2 protein chains.
Amino acid sequence: MELWFTEKQTKSFGITAKIKQTLHTEQTEFQKLDMIETEEFGNMLVLDGMVMTTQVDEFVYHEMVAHVPLFTHPNPENVLVVGGGDGGVIGEVLKHPSVKKATLVDIDGKVIEYSKKYLPEIAGKLEDPRVDVKVGDGFMHIAESENEYDVILVDSTEPVGPAVNLFTKGFYAGISKALKEDGVFVAQTDNPWFTPDLIRNVQRDVKEIFPITRLYLANIPTYPSGLWTFTIGSKKYDPLEVSEDRFHEIETKYYTKEIHKAAFVLPKFVADLTK
Amino acid sequence: MELWFTEKQTKSFGITAKIKQTLHTEQTEFQKLDMIETEEFGNMLVLDGMVMTTQVDEFVYHEMVAHVPLFTHPNPENVLVVGGGDGGVIGEVLKHPSVKKATLVDIDGKVIEYSKKYLPEIAGKLEDPRVDVKVGDGFMHIAESENEYDVILVDSTEPVGPAVNLFTKGFYAGISKALKEDGVFVAQTDNPWFTPDLIRNVQRDVKEIFPITRLYLANIPTYPSGLWTFTIGSKKYDPLEVSEDRFHEIETKYYTKEIHKAAFVLPKFVADLTK
């Protein structure tokens, strides 16, 4: 018998992956959580039927969400990650020696628990002494924070289920308040092929709050369309004007200082979404 | 009843698309040809079970295989396309006013016939008076050509079935002979996630023949991993040193002169395949 997991990424298109076994399945307080062992991508975390991360391709998303803003800010010391209970973003954040504290706020403690169990090389970084792990509502945490963070990274699920508040203008205003006066934030903002309106709306909302708003891209094979967007909002520093001496050596598999710049060069149909 | 087409892009991973109907299915002399109408991507040409092109995302592949070399060469007049019976590459080639003649050599006349029928906005360009359509063996056509073409574009299927000869060093040597002394060629060379060895081998072989060999990328959602590579071999002109005045206005949805450069900036794990 062959078992295949299929994610319908749209109503009429998706990916399918052969699985060796289901490691864990549970309806948590917030979402359906599945951890499966696939042949092609190793262990895979699936929330509400959507692939969140896999052992094989996790590095793309995690490196690109973290290193672009952390090299944009000249001295990131205090970093907040909203969502990201698998620990992958935190792991990349910690590669920056300037970082003194990294706070993770994920609403679902089960994501953290089962990531530690089945994605230990990713989630293991949550044990680092610089990391403060909070199980709670990222929207509320942001609302209660003021002038506190250098960089905020929003590693959310799609705007269905628990993450719906994280794609609102009110949330971006809260992020602005929670950031210091020269802070930078990044949110994952889905793909330009199937969700162009989402990107257009987020760009519009973030532009009203942050003087510097840009979109950048990375290729993630297990995500819808394979082309993923990240929206960056910055109060002071332009991600396209990072001086060469800011880039220091970090171990990566996707990100380079050249990719940092090239990721902002958008195919015409994607650039059109930012206008 | 719902009908879904699934392409196993590897033994254990693939894409799946809901289809409205099968428009045509046939075992040709060379390969299995299916033309299906999908909900997400419009009409889709499938050869030996692999997606070749779709109405919705065809522009990425066709623009990127054509415009990068055609802007690299300062005056492309005589262009050869090997494969590409759907006509998409030819359509992009014809956007360059310098082109006087574009020859298409596809081994399978049925691909041309059914592309004209079901992908008319793509294949219609084959009717242009500058186009010479030949049904025949691209490998043999190359072997019989000498000092003839400014640009050669290899729009082949994967190296199984009829295209197996098109991924050999002998073929690249033939291309070099068929090109004029300042000629440029591009071949599609699959994806870095599932076929890294193919890319590594092609890079090694092409480098032995062409003084300038480079790899560039584009995002194609219906192709394996969503990240596609193109290998460019050039006798004289460097695709990274195209002077600004070479770029003229053409109507595109993906390619821009900035994308021309950014496409050569490779994620670290991809760059490693070219070393």
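Every chain begins its residue count from 1, and numbering advances along the sequence as written. Each chain is given a letter, starting from A, and each ligand a number, starting from 1, according to the order in which they appear as written. Where totals are concerned, whole chains, interfaces and linings use all residues; where local detail is concerned, this predicted model gives features only for residues with pLDDT of at least 70, and gives and counts side-chain atom pairs only at 80 or more. The side-chain values count all of the structure's non-hydrogen atoms but skip hydrogen atoms and water molecules.

An unreviewed UniProt entry annotates chain A as Polyamine aminopropyltransferase originating from Bacillus timonensis. UniProt positions are given in the numbering used here, feature names are shortened, and annotations may be inferred rather than shown by experiment. Under the UniProt heading Catalytic activity (unreviewed entry), the note attached to chain A is "S-adenosyl 3-(methylsulfanyl)propylamine + putrescine = S-methyl-5'-thioadenosine + spermidine + H(+)". The heading Subunit (unreviewed entry) in the UniProt record of chain A holds the text "Homodimer or homotetramer."

*Asks:* Outline the pattern of salt bridges, listing residues and values.
*Replies:* Think of a salt bridge as a Lys or Arg side-chain nitrogen and an Asp or Glu carboxyl oxygen that are within 4 Å of each other. Counted under the stated rule, the structure contains 38 salt bridges over all chains. One salt bridge connects Glu2 of chain A with Lys18 of chain A, and the closest N-O pair in it is separated by 3.4 Å. A residue pair is termed long-range when its members are at least 10 positions apart, and Glu2 of chain A in the segment before strand 1 (3–8) and Lys18 of chain A in strand 2 (residues 13–27) qualify at 16 residues. Exposed residues in this analysis have more than 50% of their type's maximum accessible area, buried residues have under 20%, and partly exposed residues fall in between, with area computed by a 1.4 Å probe over protein chains only. Residue classification places Glu2 of chain A among the partly exposed residues on the basis of a relative accessible area of 47%. Here Lys180 of chain B makes a salt bridge to Asp150 of chain B, at a shortest N to O gap of 3.4 Å. Taken together, the residues span a long stretch of sequence, with Lys180 of chain B in strand 10 (residues 179–188) and Asp150 of chain B in strand 9 (residues 149–155) at a distance of 30 residues. Helix and strand definitions follow DSSP, with helices as H or I runs of at least four residues and strands as E runs of at least two, each counted in order from the N terminus.

*Asks:* Explain the sheet that holds strand 11 (residues 212–219) of chain A to me, using residue names and the numbers behind them.
*Replies:* Residue and element names in this part refer to chain A. Ordered by their spatial adjacency, seven strands build an open sheet running 8-7-6-9-10-12-11, and the pairing between neighbours is mixed. With one partner strand each, in any of the chains shown, strand 8 (131–135) and strand 11 form the two edges of the open sheet. When strand polarity is set aside, the average angle formed by the axes of neighbouring strands in this sheet is 15 degrees. Sheet topology note: the strand 6 (residues 78–83)/strand 7 (residues 101–106) ladder contains five bridges and is parallel. Note on strand 7: the bridge partner recorded for Leu80 is Thr103. At least two bridges found by DSSP between two strands is the condition for calling them paired. For helices, the fitted axis covers only the stretch in contact; all axes are lines through C-alpha atoms, and the angles between them, taken along N-to-C directions, range from 0 to 180 degrees.

*Asks:* Requested: an account of the UniProt feature "active site" (unreviewed entry) in chain A, with residues and values cited.
*Replies:* All names here are of chain A. Taking the numbering used here, the UniProt-annotated feature "active site" (unreviewed entry) corresponds to Asp155. Residue position: Asp155 is located in strand 9 (residues 149–155). Every residue pair with non-hydrogen atoms within 4.5 Å of one another is taken to be in contact. Excluding its chain neighbours within four sequence positions, the residues that come into contact with Asp155 are Tyr61, Val81, Val82, Gly83, Gly84, Asp86 and Val89.

*Asks:* Lay out the interface of chain A and chain B with the relevant residues and their values.
*Replies:* Listed as interface residues are 39 residues of chain A and, on the opposing side, 39 residues of chain B. Across the chain A/chain B interface, buried area totals approximately 3,200 Å², and carbon plus sulfur atoms make up 71% of it. When the buried area of chain A at its contact with chain B is split by residue, Ser12, Phe13 and Trp193 of chain A rank highest and sum to 21% of it. Pairing of N or O atoms within 3.5 Å defines a polar contact, subject to two protein rules: one partner must be a possible hydrogen donor and the other a possible acceptor, and residues neighboring in sequence count only if both atoms are side-chain atoms. Here chain A and chain B share 16 residue pairs in polar contact (both at pLDDT 80 or more) between them. Elements supplying a minimum of two residues to the side of chain A that touches chain B: strand 1, strand 2, helix 1 (58–72), helix 8 (257–262) and helix 9 (268–271) of chain A. Counting residues per element, the side of chain A that touches chain B draws most heavily on strand 2 of chain A, at six residues. The classification used treats Ala, Val, Leu, Ile, Met, Phe, Trp, Tyr, Cys and Pro as nonpolar, Asp, Glu, Lys and Arg as charged, and all other residues, Gly among them, as polar. When grouped by side-chain class, the residues that make up the side of chain A that touches chain B number 19 nonpolar, ten polar and ten charged. Relative to strand 2 (residues 13–27) of chain B, strand 2 of chain A runs antiparallel, the two being bridged by five bridges. Note that in strand 2 of chain B the partner of Ala17 of chain A across the bridge is Phe13 of chain B. Accessible area that two parts lose when put together, evaluated with a 1.4 Å probe and summed over both, is termed the buried area.

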